[in-house]
Amino acid sequence: MNGARGAATPRRWQNWARTESSDPALVLAPRSTDQVALAVRRAGETGHTVKAVGASHSFTSIAATDGVQLSMDRMRGLVSADPQRGRVTLRGGTRLWELPALLGPLGLALPNMGDIDRQSITGATQTGTHGTGLKFGGIATGIVGLELVTGTGDTIRIDADNYPELLPAAALGLGALGIVTEVTLQCVPRFLLQADEAPDQLDIVLAEFVERSRAADHFEFFWFPHTDTVRTKTNTRLPLDHGRAPLGKLSRFVDEELANNLAFGACVNLGAVTPRATPAVNRFVETLSSRRRYTDESHSVFVTHRRVHFREMEYAVPLEEVADTMRELRAMIERKRYSVSFPIEVRAAGADNLLLSTAHGRDSGYIAVHRYHRDRDLGYFRDAEAILAAHGGRPHWGKMHTLGAAELRERYPEFDRFATVRENLDPERVFRNDYLDRVLSI
């Protein structure tokens, strides 16, 4: 590996959720695409595998390696912009939380975001990160071009003019096709969101979920197990000249830091020590839910700052299957007498044509189950996964699941087409690891 730049002392890697770890043989922090390409070529010559790491926010081992780890921390920022077309090119390690400062002065914003912005743009898109809203796809659907270092160490540009047939695979490529060093995104003009948060009855929301999802720009709800009510959030897109009515600093601090982080952290810690207390704690939290409305820049409404560490499994099921799937999850929790302190989050996204997108070819409902990171009982995830998978669910690539290539091939019509692209771009499997061996096969 002589000649590679930015070498660091190898150290044990661990993801944010503390669910996965690995011991890379070598850690590099390249500053340019040429240095990435050099590292890939040298790794191939010496029989090592290579994985790029961004913010390490995936719950799976998709970024783990015992070979060469490439930190993308030094490859961040804006490369170029075309405000007239609403397009920007970003370096692959750029974090989502950095985008408002980069896009705002250009009058641009992402069309949609999830509720966490700690990920890198490459990590988020390569694993299929999404928000909610049937008029919108995941973040990767906004990629109109990218720069990719392939398994042979070659650098190629993929866009409408260069290898356009590869874009549906490479935009959401699981890190299996190469290392994405730059992405070009189709953005939209900056906009506001009016957020309406309110408590509601679980049975009513389930019966109306499809209707509400189709009627709203963005709709989602959170259900605390052991209760009968949910917290709904409906976001309506507004032009900038509508005027902001944001949460005050005190209100945001009370809601995000005191309630969502400090108080909630204390509750889940109590549940971890005394599981029997969880139902009562959840019912108490339920009583604190109230109505509120505020209007702010889109990123300030989409994103919530979470400091309580957790584990997460999320599946995309056909939109019409959400209600029945949730009813079965509720019945399973009651039947098995699980004590579940974290809420189940339910969202929706529109169909797209990315080969391995969880919403490929169908409008999808996303159901995410969580566990506090100190809860060691994985039975809840196992039983929840059985229900989610039985309803035609496709697991989020960056969140916990147990499915393998044979099962996934049945769920993705273009699975073999993706495998062909992989064979062409990484014939020697320089980018393989245990996770990719399981979900794609060797």
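Before any of the text, the structure's been laid out above.
Our subject in this report is the structure included herewith.

For the protein chain, the count of helices and strands is 13 helices and 21 strands. Summarising the internal contacts of the protein chain: among those between residues at least 6 apart in sequence, 74% fall at separations of at least 24. Carbon together with sulfur atoms contributes 50% to the accessible area of the protein chain, which is approximately 18100 Å² in total.

With that settled, consider the packing of helix H9 (residues 322–336) against helix H10 (residues 379–390). At their nearest, the axes of H9 and H10 sit 10 Å apart, and the two run at 150° to each other. In terms of orientation, H9 and H10 fall into the roughly antiparallel class. For the crossing formed where H9 meets H10, the hand is right-handed. Where H9 abuts H10, its residues Thr325, Glu328, Leu329, Met332, Ile333 and Lys336 lie against Tyr380, Asp383, Ala384, Ile387 and Leu388. Classifying every residue of the contact of H9 with H10 gives 7 nonpolar, 1 polar and 3 charged.

This paragraph deals with helix H5 (residues 202–215). In this model, H5 (14 residues) spans 18 Å end to end at C-alpha, consistent with the 20 Å of a helix rising 1.5 Å per residue. A maximum bend of about 65° is found in H5 at Glu208. Restricting attention to buried positions, one finds in H5 the residues Leu202, Val205, Leu206, Phe209 and Ser213.

Let us now look at the side chain of Thr227. Within the secondary structure, Thr227 is located in the loop between strand E15 (218–223) and strand E16 (229–238). Among the polar contacts listed, one links the side chain of Thr227 to the backbone oxygen of Thr229, at a separation of 3.3 Å.

Pairing is possible between side chains of opposite charge, provided their charged atoms come close. Going through the model one piece at a time under the given rule, you end up with 28 salt bridges. Put simply, Arg12 and Asp23 hold a salt bridge, and the shortest N to O gap is 2.4 Å. With Arg12 in the loop between strand E1 (7–8) and strand E2 (13–14) and Asp23 in the loop between strand E3 (21–22) and strand E4 (26–28), this residue pair connects regions lying 11 residues apart in the sequence. A residue is classified by how much of its surface remains accessible, and Arg12, at 53% relative accessible area, is exposed. Here Glu312 makes a salt bridge to Lys399, at a shortest N to O gap of 2.9 Å. With a gap of 87 residues between them, Glu312 in strand E18 (residues 310–318) and Lys399 in the loop between strand E21 (394–395) and helix H11 (405–411) connect regions that are remote in the sequence. One continuous salt-bridge network, built from bridges that share partners, spans Glu312, Glu314, Glu345, Arg347 and Lys399.

Quick notes on the rules
Residues numbered from 1 in each chain as written. Predicted model: local features only at pLDDT ≥ 70, side-chain atom pairs only at ≥ 80, totals over all residues. Heavy atoms only, no water. Helix = DSSP H or I, 4+ residues; strand = E, 2+ residues; numbered from the N terminus. Contact = heavy atoms within 4.5 Å. Areas by Shrake-Rupley, 256 points an atom, 1.4 Å probe, with all protein chains shown as cover. Axes fitted to C-alpha atoms, helices over the stretch in contact; angles between N-to-C directions. Parallel < 35°, antiparallel > 145°, perpendicular 65-115°, else oblique. Left-handed = near helix turned anticlockwise from the far one by under 90°. Nonpolar A, V, L, I, M, F, W, Y, C, P; charged D, E, K, R; others polar. Expected span 1.5 Å × (residues − 1). Bend = angle between axes of the 7 residues up to and from the residue. Buried < 20%, exposed > 50% of the residue type's maximum accessible area, 1.4 Å probe, protein only. Polar contact = N/O pair within 3.5 Å; in protein donor to acceptor, adjacent residues only side chain to side chain. Salt bridge = Lys/Arg side-chain N within 4 Å of Asp/Glu carboxyl O.

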